Amino acid sequence: MKMGTHDDRSATAAGRQHIPAWATGLLITLLAIGMIEVLIRTGVLNIPNPPALVLIAVMYAGYRFGLRPGAISAALVVLYGLVFYSTPGAPLHFAGDNATRMAVLSLAAFFIAWLTGTLKDRAERALIRQIDAERANVAGLERSQVEIARLTERLQRALSGSRLVLWELDLRSGMVR
């Protein structure tokens, strides 16, 4: 077997551990939360609404891996928001506008997960329809080639015993034979 063929890549990929899509979305979101928290605690990032940044992970998980991983990612963002917006020392108690921020974050996170998951599903279905259409076109071309070959052979048999002089024009080269 030659190196670099499809079979070699499949064999290499088969030897690796497969991470389920839901876990990948979860890991991406955890990584995003961790990075943001490190940047906040080291003073590199100073923004009033860090959970909103993690919505990017929800978008990525939803579009790359589908609705379920996006929804899991959204749930994790909501949990992060619950911790972030809670009053220090009083979990799940929100002061001032934090309850409103939490409600907006929750709605936005799940809407983004639904939207991107739906877009991924539509894109995949469109791709499948396109592949099916191309396969149908190829099958039609193959049938046409078989029919042309059959008719050419029939014509050659019909003309082989005749006294007609036939000239053949090669369309590629423009030569007459």
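Each chain carries its own residue numbering, running from 1 in the written order of its sequence. Since the coordinates come from a predicted model, pLDDT governs what is reported: local features require at least 70, and pairs of side-chain atoms require 80 or more to be given and counted, while whole-chain, interface and lining totals use all residues. Computation of side-chain values: all heavy atoms of the structure, hydrogens and water removed.

Visitor: Would you mind showing me how to read the overall build of the protein here?
Guide: The number of helices and strands found in the protein is 5 helices and 2 strands. Starting at the N terminus, helices and strands are each numbered in turn, a helix being any DSSP run of H or I of at least four residues and a strand any DSSP run of E of at least two. When the elements of the protein are put in sequence order from the N terminus, they spell out α-α-α-α-β-β-α. Burial classes: relative accessible area under 20% of the type maximum marks a residue as buried, over 50% as exposed, and values in between as partly exposed (1.4 Å probe, protein chains only). Taken across its 177 residues, the protein has 22% of its residues classed as buried. Taking all contacts inside the protein whose residues are at least 6 apart in sequence as the whole, residues at least 24 apart take part in 60%. To be clear on the numbers: accessible area is Shrake-Rupley with a 1.4 Å probe, and residue cover counts the displayed protein chains and nothing else. Of the accessible surface of the protein, which amounts to about 13300 Å², a share of 65% is contributed by carbon and sulfur atoms. Note on contacts: a residue pair is in contact if any heavy atoms of the two residues lie within 4.5 Å.

Visitor: Help me understand the side chain of threonine 24, please; the structure alone is not making it clear to me.
Guide: With respect to the secondary-structure elements, threonine 24 resides in helix α2 (residues 21–41). Judged by its relative accessible area of 18%, threonine 24 falls in the buried class. Setting aside anything within four residues of it in sequence, one finds threonine 24 in contact with Ile19 and Phe65.

Visitor: Which parts of the structure should I look at to understand the packing of aromatic side chains?
Guide: Within a pair of aromatic rings, the relevant descriptors are the distance that separates the centres and the angle that separates the planes. What counts as a ring pair is set by centres within 6.5 Å for rings of Phe, Tyr and Trp (its six-membered ring), and what kind of pair is set by the plane angle: stacked under 30 degrees, edge-to-face over 60, tilted for all other angles. On inspection of all chains with the given rule, the structure shows 4 aromatic pairs. Centroid distance tyrosine 60 to phenylalanine 65: 6.1 Å. Interplanar angle 80°. Geometry classified as edge-to-face. A relative accessible area of 43% means that tyrosine 60 is categorised as partly exposed. Centre to centre, the rings of phenylalanine 84 and tyrosine 85 are 5.4 Å apart; their planes meet at 85°, and the pair counts as edge-to-face. By relative accessible area, which is 31% here, phenylalanine 84 ends up partly exposed. A connected cluster of aromatic rings, assembled from ring pairs, spans Tyr80, Phe84 and Tyr85.

Visitor: I keep staring at α2 and nothing clicks. Help me out?
Guide: Between its first and last C-alpha, α2 extends 30 Å over 21 residues, near the 30 Å set by a 1.5 Å rise per residue. Of all the positions in α2, only Ala23, Thr24, Gly25, Thr29, Ala32, Ile33, Ile36 and Glu37 are classed as buried. At the C-terminal side of α2, glycine 43 shows a positive phi close to 85°. Expected span of a helix, by definition, is 1.5 Å for each gap between consecutive residues, and there is one gap fewer than residues.

Visitor: When you look at helix α3 (residues 50–65) in this model, what are you seeing that I'm missing?
Guide: An α-helical turn contains 3.6 residues, so a residue and the one three or four places further along point in the same direction. Look at α3: 23 Å from first C-alpha to last across 16 residues, which is about the 22 Å you get at 1.5 Å a residue. Taken as a whole, α3 has its buried residues at Pro50, Pro51, Val54, Leu55, Ala57, Val58, Ala61 and Gly62. The buried residues of α3 all sit within an arc of 160° when viewed along its axis, so they share a single face. Looking at the packing, one finds that the buried side of α3 touches α2, α4 (67–85) and α5 (98–160). A positive backbone phi angle near 115° is found at glycine 66, which sits one or two residues after α3. In this description, the arc belongs to the directions extending from the helix axis to the C-beta atoms.

Visitor: Even after reading the chapter, I still don't get the packing of α3 against α4, so can you show me in this structure?
Guide: When two helices pack together, their arrangement is captured by the angle between the axes and the distance separating the axes. Lines fitted to C-alpha atoms define the axes, with helix axes restricted to the stretch in contact, and inter-axis angles between N-to-C directions lie between 0 and 180 degrees. Closest axis-to-axis distance for the α3/α4 pair is 7 Å, and the angle between their directions is 170°. In terms of orientation, α3 and α4 fall into the roughly antiparallel class. Only Leu67, Pro69, Gly70, Ser73, Ala74, Val77, Tyr80, Gly81, Phe84 and Tyr85 of α4 make contact with α3, whose side of the interface consists of Pro50, Pro51, Val54, Leu55, Ala57, Val58, Ala61, Gly62 and Phe65. Any residue outside Ala, Val, Leu, Ile, Met, Phe, Trp, Tyr, Cys, Pro, Asp, Glu, Lys and Arg is labelled polar, Gly included; the first ten of those are nonpolar and the last four are charged. Here the residues of the contact of α3 with α4 are counted per class, giving 15 nonpolar, 4 polar and no charged. Between 65 and 115 degrees an angle is taken as roughly perpendicular, under 35 as roughly parallel, over 145 as roughly antiparallel, and anywhere else as oblique.

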